[in-house]
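Fold and contact review
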Amino acid sequence: MKAQPEPLPDHLRALVGQGVDAIDTPALVVDLDAANRNLQRAVEFATKHRLRLRPHAKMHKSPAVARLELQAGAVGVCVQTVAEAEAMGAGGINDILITNEILAVNKLRRVAALAHQLSVRGGQLGIVVDSAEGVERLAQAMQLTKAVVDVYIEIDVGQGRCGVSPDEKVVTLARAVVARSSLRFAGLHAYHGGAQHLRTVGERHAAIVAAAAKVEDVRRLLEAADMPVPLVTGAGTGTFAHEAASGVWNEVQPGSFLFMDADYLRNDRDPAQPQFEPALFVKAQVISVSAGHAVCDAGLKAHAIDSGVPEVHALPGQPPLRFANGGDEHGVLHPLDESGPLSNLPALGDTVWLIPGHCDPTVNLHSHLVVVRDGLAGGRVESVVPVMARGVW
Ligand code: PLP
Ligand code: MN
C-alpha cells in the first residue's frame, strides 16, 4: 500500500512514518503484516485449487488496498456499487465485476462509460443481471460505446436475495444477453450470502452442496440450449473452501478475509479453509474510569454493531475486557472477570484496540484507513489510505 496517488490532508500525511502512539483516536487501523498474511493464505489456497481469486472491494472501498490484492495475485476485484467501480477504475484497477443489479438509467450510463474506459486501456468490466428489463436497459446504455461488457446471470442459490430461480428462466435471460452485440454472456453469478455465517462447518458445507446442485442444473439447461457457461463466480469468506471443493466454481469473491471481523472469527474453524487473523482495529482511548468500568472514545460512529459489538483485543500484559455499547461516541469497558480486582481495568489515557463486529459497514464509517507495519504494539504508520468509495452510491 505504498503507491498513493490519492491526495491526503496535511495532518494525515504527517502521520506517515510516525509510531502507533501518534495516531489520534478513534481511528480505523489496519495491521498490514496481518492483512498481508491473510492475503498470502487466500492466494495460496486459490492457486492450489486452480481458482481465480477476485476479492470483493465492497469491504475496503479503497483502490490502494485493491492494488495490494492484485499485486499478490488476484485477477481483479468485485464491487457492489457504480461509485465503487468508478473509484477502482480511477485507481488503476483494470478488471472490475459489479456483483449487483443496476437498473437506474443514469447509473447504467456511468457503467457504459466505465466499460469504455477500461476497454480502451485493455481492461474489462463485468456486471450481473437477473431480469429481462435489466438486460434491455444495460444494452440501451451500452449504445454509448463500442465496448462490450461481460454479463453474468445471477441465480438465487439459496439466499433469497437477488437472482433468477435456477430453472428455464435462466435460458430465456441468457438468450436475451446473447442477442445483444454489446453484451457478452460471461457466465453465472452464484453467491450464497446466507451461508457465510452459519456457525458450524457442517451447516456451511450442506448449504454450498445444495447451491452447487442448483448451478449444475442451470449449467445443463444452458448447454442443452447451446449456450455453454464460460465461468461460474461467487463465494465469500465463510464458505469458499466448499465452493472450491465442489469443482463447480471457477472464481471466488471473498472480501472480509483480508481484514476479518469479530463475527467471522466466531465461525467454527474449518480445517479445509485457510485460517485468517484479525487485521482491522479501531484504536480507542480510555477517557473516563469509575469504580467498576472504564469508558473509551469509540462508539457507534466508529464501528458498526449490526453483527455485534466489538471484541476488545488485549495486547500482552493488558487485562481482558468486554465492550458494551455506550452510544454514539462512547464504549463501556468491563473486566471480563467482574469478580476480579479493579486493577483489571485500564487506566485513564490508555489505548484499547477493538475488533469490529462487521468490517464492511465499519470501513464505510471512516474517511481513512491508517495502515500500520510491525504490529500494534510499537509499530509505525506505513501509509494513510483514503476510503475513496465511502458512502452508499
Ligand atoms: N460476493 C458478493 C456478491 C457479496 O455480496 C459479498 C458480501 O456480502 C461477498 C462476495 C464477500 O463476502 P465476504 O466479505 O463475507 O467474504
Ligand atoms: Mn459483510
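So, here is what we can say about the structure in this document. Since the structure is predicted, the reported quantities are computational estimates derived from the model, not experimental observations. (Residues numbered from 1 in each chain as written. Chains lettered and ligands numbered in written order. Predicted model: local features only at pLDDT ≥ 70, side-chain atom pairs only at ≥ 80, totals over all residues. Heavy atoms only, no water.)

Observations regarding the pattern of salt bridges
- In total, this model carries 21 salt bridges according to the counting rule given.
- Arg54 serves as the salt-bridge partner of Glu251, at 2.9 Å between the closest nitrogen and oxygen. Of this pair, Glu251 sits in strand β9 (residues 251–252) while Arg54 is found in the loop between β2 (52–53) and α3 (63–72), placing the two residues 197 residues apart along the sequence. Accessibility assignment for this pair places Glu251 and Arg54 in one class, buried. (Salt bridge = Lys/Arg side-chain N within 4 Å of Asp/Glu carboxyl O. Helix = DSSP H or I, 4+ residues; strand = E, 2+ residues; numbered from the N terminus. Buried < 20%, exposed > 50% of the residue type's maximum accessible area, 1.4 Å probe, protein only.)

Notes on the packing of helix α7 (residues 168–178) against helix α8 (residues 201–224)
- Between α7 and α8, the shortest axis-to-axis distance is 9 Å and the interhelical angle comes to 50°. The orientation of α7 with respect to α8, classified from their angle, is oblique. As α7 packs across α8, the resulting crossing turns out to be right-handed. Between α7 and α8, the contacting residues are Glu168, Val170, Val171 and Ala174 on the first element and Val218, Leu221 and Leu222 on the second.
- Tallied by class, residues from the contact of α7 with α8 come to six nonpolar, no polar and one charged. (Axes fitted to C-alpha atoms, helices over the stretch in contact; angles between N-to-C directions. Parallel < 35°, antiparallel > 145°, perpendicular 65-115°, else oblique. Left-handed = near helix turned anticlockwise from the far one by under 90°. Contact = heavy atoms within 4.5 Å. Nonpolar A, V, L, I, M, F, W, Y, C, P; charged D, E, K, R; others polar.)

Digging into α3
- Along α3, seven of the 10 residues are buried, which leaves the element largely enclosed by surrounding structure.
- Where α3 is concerned, the buried positions are Pro63, Ala64, Val65, Ala66, Arg67, Leu68 and Glu69.
- In this fold, the buried residues of α3 make contact with α2 (32–48), β3 (77–79), α4 (82–90), β16 (368–373) and β17 (380–386).
- Gly73 sits one or two residues past α3 and shows a positive phi near 130°.

With respect to the packing of aromatic side chains
- Counted according to the given criterion, the structure contains four aromatic pairs.
- An angle of 85° between the planes, with centres 5.2 Å apart, marks the rings of Phe45 and Phe240 as edge-to-face. Of this pair, Phe45 sits in helix α2 while Phe240 sits in helix α9 (residues 240–246), and the two are 195 residues apart along the sequence.
- Assessed through its relative accessible area of 8%, Phe45 is described here as buried.
- Each ring, one from Phe257 and one from Phe276, has its centre 5.6 Å from the other, and the planes form 55°; the classification is tilted. On the criterion of sequence distance, the pair formed by Phe257 in the loop between β9 and α10 (262–265) and Phe276 in the loop between α10 and β10 (280–289) is long-range, its members being 19 residues apart. (Phe/Tyr/Trp six-rings, centres within 6.5 Å; stacked < 30°, edge-to-face > 60°.)

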